[in-house]
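Structural overview
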Amino acid sequence: MPARVPFWNIEAAWLFYLLTALALAVFGLGLAINLARWRPGFTWGGFSAARLKATLADALLGRRIWRGDASAGLMHALILLGFLGLFLATCLVAIDHYLVSFLHGRLYLVTSALWEICGLVLMAGLVWALIRRYLQRVPRLERRPADALLPAWLLAIALSGFLVEAARIAASGAAWERWSFLGWGLSGLFAPASAVAAHAVLWWTHAALSLGLIAWLPFSRLFHALAAPVNLYFQQEPHPLADLSLAPDQVREFSHRHFLTLDACTRCGRCVEACPSARAGEPLAPRGFVRDARLYTRLKYNLLTKIPWFRRRLRQELTSRPTIDPEQAWYCTTCAACVEVCPVQASPIELIRQVRSALVEQGSTVPPLLAQSLERLAKYQNPWLAKKGQKAAWAKGLDLPDLAKGDPAELLYFVGCTTSLDTRAQGLARGLTAVLAHCGVAFGTLGKAEPCCGDIARRVGENGLFEEQREDLSGLLADIGVREVVTSSPHCHRTLSHDYALARTRDGVTGPMPFRARHYSQVLAELVEQGRLTFPTGLAVRATFHDPCYLARHSREVRAPRRVLAAIPGLELVEMADHGRNGLCCGGGGGRMWHELPGQGHLARARLEQAMATGAALVVTACPLCLIMLEDARKAGGFEDRLAVRDLNEVVCLALGLEGGANPF
Amino acid sequence: MEILVLAKQVPETAEADLEITRDGADLERDDLVYTINEWDNYAVEEAVRLKEAHGGAVTVLTLGDEESEDVLRRGLAMGCDQAIHLNDETFLGSDPATVVQAMVKALGGRRFDLILCGVQSADQGQGQTGVLLAQALDLPYASLAVGLKLVEGGLVVTRELEANTLEEVALPLPALVTVQSGINQPRYVSIMGIRKVRGMAIEAHDADGLDLAGQVGPAASCLAARRLALPETGAGAEILSGGLDAVCARAAGIIREKGGLK
């Protein structure tokens, strides 16, 4: 009867068991080394079936890998399918051999054929991976020696497996072995006389390669097979805020969430292609930063440091090898383009935030202009002026209700530091004020008492300042009893809705948020949908929309501003090469508006070049920082004749004829 | 190495809209924010860097009211080890000699290897406290330091002179050095950094304790502010246009009309 004969032609089975034990021991040690890093302070939000489902969809179907690169998706699917199929086969064989014998007869033949297919699929995937990296030379892929080793190793395992099979069939082949069609086909390579000897050599080669892979797995990039699904699960929980009540010796350099990001990374390089800083030729590239951090943490937080000999070696390596360059952390705009494209949802921005926090507490390497801006924020509640009481100067003569002074209003317009103090960004505030008044929406502001929401402090890692500002503003809003907030800036919006909620979770505050914060584009879109904002005349212009990162990516809002633009008759909206959730950052986020860095690139200029490629005469955006960055790049680049930059409110005002004058475009 | 660094709290006025009080004797201070004197900030940073490089301890000292404790907390957060607060409202408005007298009494014979302070303060700008203290303690001193190096047997100080010239002087220790801005890049002091030193003890002295009651403040000062005034704003500017010769002729004409040329 067709069945598998275990250890056919293999005499020293004990040696195989010994090697297996050895391989598993090394695998276990590697796993322990990695998991030990995750363990301190490990917390999670409990089990969630929905999160598990999404994790499985990403891990098994590779949803995020297919996105934007079907060729990569196919490559990964083939390797994963082949690998899992053969892994399952090995498990079944083990069950058959050690527990219950069931693999015989027809079932055995069918499964044999299936495993042949799995092996072929695996090899196809590996060959495809090698072609992509070395023949097609996909730019984002690296070509270091180690990059060839893993696929070559896997390929050698698969090939040697087929050859073992072929030699066995050549030596003893029954007719039913035809079901192992590839082995059957290859069996002609072996002369029946020498097949038995060749089989033994090949069998041990195959065994050694396979066991070697098991031992190497936790130390190799293949570890992502275990770490990535875990990370995909955890990334669905928001990254918790730092607990500032901890004593200094309890504060950890990195949390398990950071280690998961480090271990899940496969160095695919999508982040490098998406990162506006890397694209502009700045020193930061997310992949390199993650690689350096991984090396650093694997040396520093290695379980083996408990053994003196290893501790000395690891310490020595830590000082002699280049690890994290903290200076790079300041280049990040926290635009989250890297997180958006990452197949394993690694989060370089959380890693960078953590590094920034440490730099801020240490103090010496904070870029001087940033330090100055942070000091202004702490003393004057804005990063722009070393002067109090200027927040309401833009609204002089508008006579807006002041909620801080007790004027009643259902809607609080939180103007924000930049929008109230920067002369260009004030256009946004005047525009929104005019539009809301036009639509009959009653609203007020906090006047000159408006503090900073804490966005900048949060993004640059000044955790203590963020907490102070959050407490101040939360207290003020609670005193007034504010329930509805509209913000100028997607940054303030994100901070008020997301980061304030994180603080409540951390502090154990239950119940819903006391207020709802919305970005103004969401309020305008609602007014359009309610029929309260209509455009009788319209505005003839070809326009493109620059998605603010904190609106499109962090807050997942791409529809609202487009809904408003679509309502304007005559306005033709064209999209840039990178738009929506893949929009390209203007370079103003993450605190970069407030400091200068050596070798900094022209991030906003790159964006304007994309805009001009669409043939649009107008770039519309919905963020004060984007507005300033793009306007500056437009002037510095000499593009004044080629296109205009406007805030969405300004465009709405023009379309409504609230500003008077002819169409300027 | 034991270092003493002096730090003063001053109002930030660089961008503020200054107003004079009705009696003309002082600034309207309600809208002003108080901070460490810029020069002293460089001095504190330099002291902490010397400690980090060579070991020892840094003591930071201020003279002022209750509020000026912030300057000490900031110094402790930057890495100073101890703080001395000459804490008395009546100290405000004292002349530099009185300030130095109070400091000497509070120090009570304690010896330091090096005393650092800013060249001058941003509010009064008299530039006397440092050098007077050196006199009172009979220490060699160097002013306007833009570089400071510990060497065998003393200190080499780079001084900033007029017209981009630098002078290098050697001093034996103990010594006093007044620090010019730009000598280093002072570190950022985080909110958490300040919070962490909230509980540290601060040595405090008031005028009574120093036997100076009635001998400090404006009344005992050798200086008195008669009247403060903001510079008058001109009526406007006239922009001359035309060729170079024409502009020069017109400019000379205006100066002559106003009596500037005879």
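Definitions and cut-offs
- The residue count restarts for each chain, going from 1 along the sequence in the order it is written.
- Key to labels: chains lettered from A, ligands numbered from 1, both in the order written.
- Given that this is a predicted model, residues contribute local features only at a pLDDT of at least 70 and side-chain atom pairs are listed and counted only at 80 or more, while totals for whole chains, interfaces and linings are drawn from all residues.
- Hydrogens are left out, water is left out, and the side-chain values use all remaining heavy atoms of the structure.
- We call two residues contacting when some pair of their heavy atoms lies within 4.5 Å.
- The buried area of a pairing is the accessible area, by a 1.4 Å probe, that goes missing from both parts when the two are put together, added over both.
- Only one rule defines a salt bridge in this text: a Lys or Arg side-chain nitrogen within 4 Å of an Asp or Glu carboxyl oxygen.
- Any pair of nitrogen or oxygen atoms within 3.5 Å is treated as a polar contact; in protein, a donor-acceptor pairing is required on top of that, and neighbouring residues in sequence qualify only through side-chain atoms on both sides.
- The helix and strand labels rest on DSSP assignments: H or I over at least four residues marks a helix, E over at least two residues marks a strand, and numbering proceeds from the N terminus.
- In this scheme, strands are said to pair when DSSP sees at least two bridges between them.
- With axes taken as lines fitted to C-alpha atoms, and helix axes fitted only over the stretch in contact, angles between N-to-C directions fall between 0 and 180 degrees.
- We call a residue buried when its accessible area falls under 20% of the maximum for its residue type, exposed when it is over 50%, and partly exposed in between, using a 1.4 Å probe and counting protein chains only.
- Here a helix's expected span is defined as the number of its residues, less one, multiplied by 1.5 Å.
- The patches described consist of residues with a relative accessible area above 30% and no salt bridge, like charges being joined within 9 Å and nonpolar side chains (Val, Leu, Ile, Met, Phe, Trp, Tyr) within 5 Å.
- Per-residue and other accessible areas follow the Shrake-Rupley method at a 1.4 Å probe size, with only the shown protein chains counted as cover for residues.
- When charges are counted, Lys and Arg are positive and Asp and Glu negative, with His and the chain ends excluded.
- Throughout, a charge is located at the NZ atom of Lys, the CZ atom of Arg, the CG atom of Asp or the CD atom of Glu.
- Crossovers are described as right-handed under a simple rule: with the strands pointing away from the observer, the path leading from the first strand over the helix to the second runs clockwise.
- Where a domain begins and ends is set by an automatic assignment or by a domain database.

**Quick word on the interface of chain A and chain B**
Listed by partner, the interface residues are 26 residues for chain A and 18 residues for chain B. With both chains or domains summed, chain A and chain B bury close to 1900 Å², and 50% of this area falls on carbon and sulfur atoms. On inspection of chain A and its partner chain B, the count reaches 4 salt bridges. Ionic pairing is found between Glu15(B) and Arg376(A), a salt bridge with its closest N-O pair at 3.3 Å. Linking chain A to chain B there are 11 residue pairs in polar contact (both at pLDDT 80 or more). Residue assignment for the side of chain A that touches chain B shows that the elements contributing at least two residues are helix 16 (348–362), helix 17 (368–380) and helix 21 (463–480) of chain A.

**A short note on the sheet that holds strand 9 (residues 166–171) of chain B**
Residue and element names in this part refer to chain B. Overall, mixed pairing links the 9 strands, which are arranged 9-8-7-10-6-1-4-5-11 in an open sheet. Of all the strands in the sheet, the pair left with one neighbour each is strand 9 and strand 11 (203–205). Neighbour-to-neighbour, the strand axes of this sheet turn through a mean angle of 30°, independent of strand direction. Pairing between strand 8 (residues 154–160) and strand 9: 6 bridges, direction antiparallel. Looking at the pairing, Val156 lines up with Ala170 of strand 9.

**What to know about the pattern of salt bridges**
All names here are of chain A. As enumerated under the stated definition, the model contains 51 salt bridges over all chains in all. With a closest N to O distance of 2.5 Å, Asp69 and Arg140 form a salt bridge. You can see Asp69 sitting in the loop between helix 3 (63–66) and helix 4 (70–98) and its partner Arg140 sitting in the loop between helix 5 (105–135) and helix 6 (145–172), a full 71 residues away along the chain. Summarising the burial analysis for this pair, Asp69 and Arg140 share the class buried. Residue Glu142 pairs with Arg287 through a salt bridge whose shortest N-O separation is 3.7 Å. Residue Glu142 is found in the loop between helix 5 and helix 6, and its partner Arg287 is found in helix 13 (residues 286–300); the two are separated by 145 residues along the sequence. Accessibility assignment for this pair places Glu142 and Arg287 in one class, buried. Salt bridges sharing common partners tie together Arg133, Arg144, Asp147 and Arg221.

**Digging into unusual backbone geometry**
Following Leu173(B), the chain continues to Pro174(B) via a peptide bond in cis, the omega torsion being 0°. Mapped onto the elements, Pro174(B) comes out in the loop between strand 9 and strand 10 (175–179). Phi at Arg556(A) is positive, roughly 60°, even though this residue is not glycine.

**Comments concerning helix 1 (residues 38–54) of chain B**
All names here are of chain B. Helix length check: helix 1 (17 residues) gives 25 Å between terminal C-alpha atoms against 24 Å at 1.5 Å per residue, within 8%. Here helix 1 lies mainly inside the structure; 12 of its 17 residues are buried. Residues of helix 1 that are buried: Trp39, Asp40, Asn41, Tyr42, Ala43, Val44, Glu45, Glu46, Ala47, Val48, Leu50 and Lys51.

**Some details on a negative patch on the surface**
There is a patch of like negative charges on the surface, built from Glu19(B), Glu28(B), Asp30(B) and Asp31(B). Mapped onto the elements of the fold, Glu28(B) is located in the loop between strand 2 (9–11) and strand 3 (34–36).

**Overview of the pairing of strand 8 (residues 644–647) of chain A**
All names here are of chain A. Here strand 7 (residues 618–621) runs beside strand 8; their pairing, made up of 4 bridges, is parallel. Paired with Val619 across the strands is Val645, a residue of strand 8. Traced from strand 7 through helix 27 (residues 624–636) to strand 8, the parallel crossover comes out right-handed.

**Some remarks on the sheet that holds strand 8 of chain A**
Residue and element names in this part refer to chain A. What the 4 strands build is an open sheet, ordered 6-5-7-8; its pairing is parallel. Two strands bound the open sheet, and with one partner strand each, they are strand 6 (571–574) and strand 8. In this sheet, neighbouring strand axes are inclined to one another by 35° on average, regardless of whether the strands run parallel or antiparallel. Here 4 bridges tie strand 5 (residues 541–545) to strand 6, and the two strands are oriented parallel to one another. Its bridge partner being in strand 6, Ala543 is matched across the sheet by Leu573. Docked against the sheet, helix 27 engages strand 7 and strand 8, running at close to 170° with respect to strand 8.

**So, the domain arrangement of chain A**
Residue and element names in this part refer to chain A. Under the domain assignment, chain A is made up of domain 1 (13–35 + 46–231), domain 2 (254–362), domain 3 (369–526) and domain 4 (533–656). With centres defined by C-alpha atoms, the gap from domain 1 to domain 2 works out at 30 Å. Listed per partner, the contact involves 23 residues of domain 1 and 26 residues of domain 2. When the two sides are added together, the surface that domain 1 and domain 2 hide from each other amounts to roughly 2000 Å², 47% of it contributed by carbon and sulfur. Across the contact surface, domain 1 and domain 2 share 2 salt bridges. Its salt-bridge partner being Glu142, residue Arg267 comes within 2.6 Å of it at the nearest N-O pair. Counting every contact that joins domain 1 to domain 2 gives 11 residue pairs in polar contact (both at pLDDT 80 or more). For the side of domain 1 that touches domain 2, the secondary structure elements donating two or more residues are helix 1 (13–38), helix 3 and helix 9 (224–234). Broken down by element, the side of domain 1 that touches domain 2 gets its largest block of residues, 5 residues, from helix 9.

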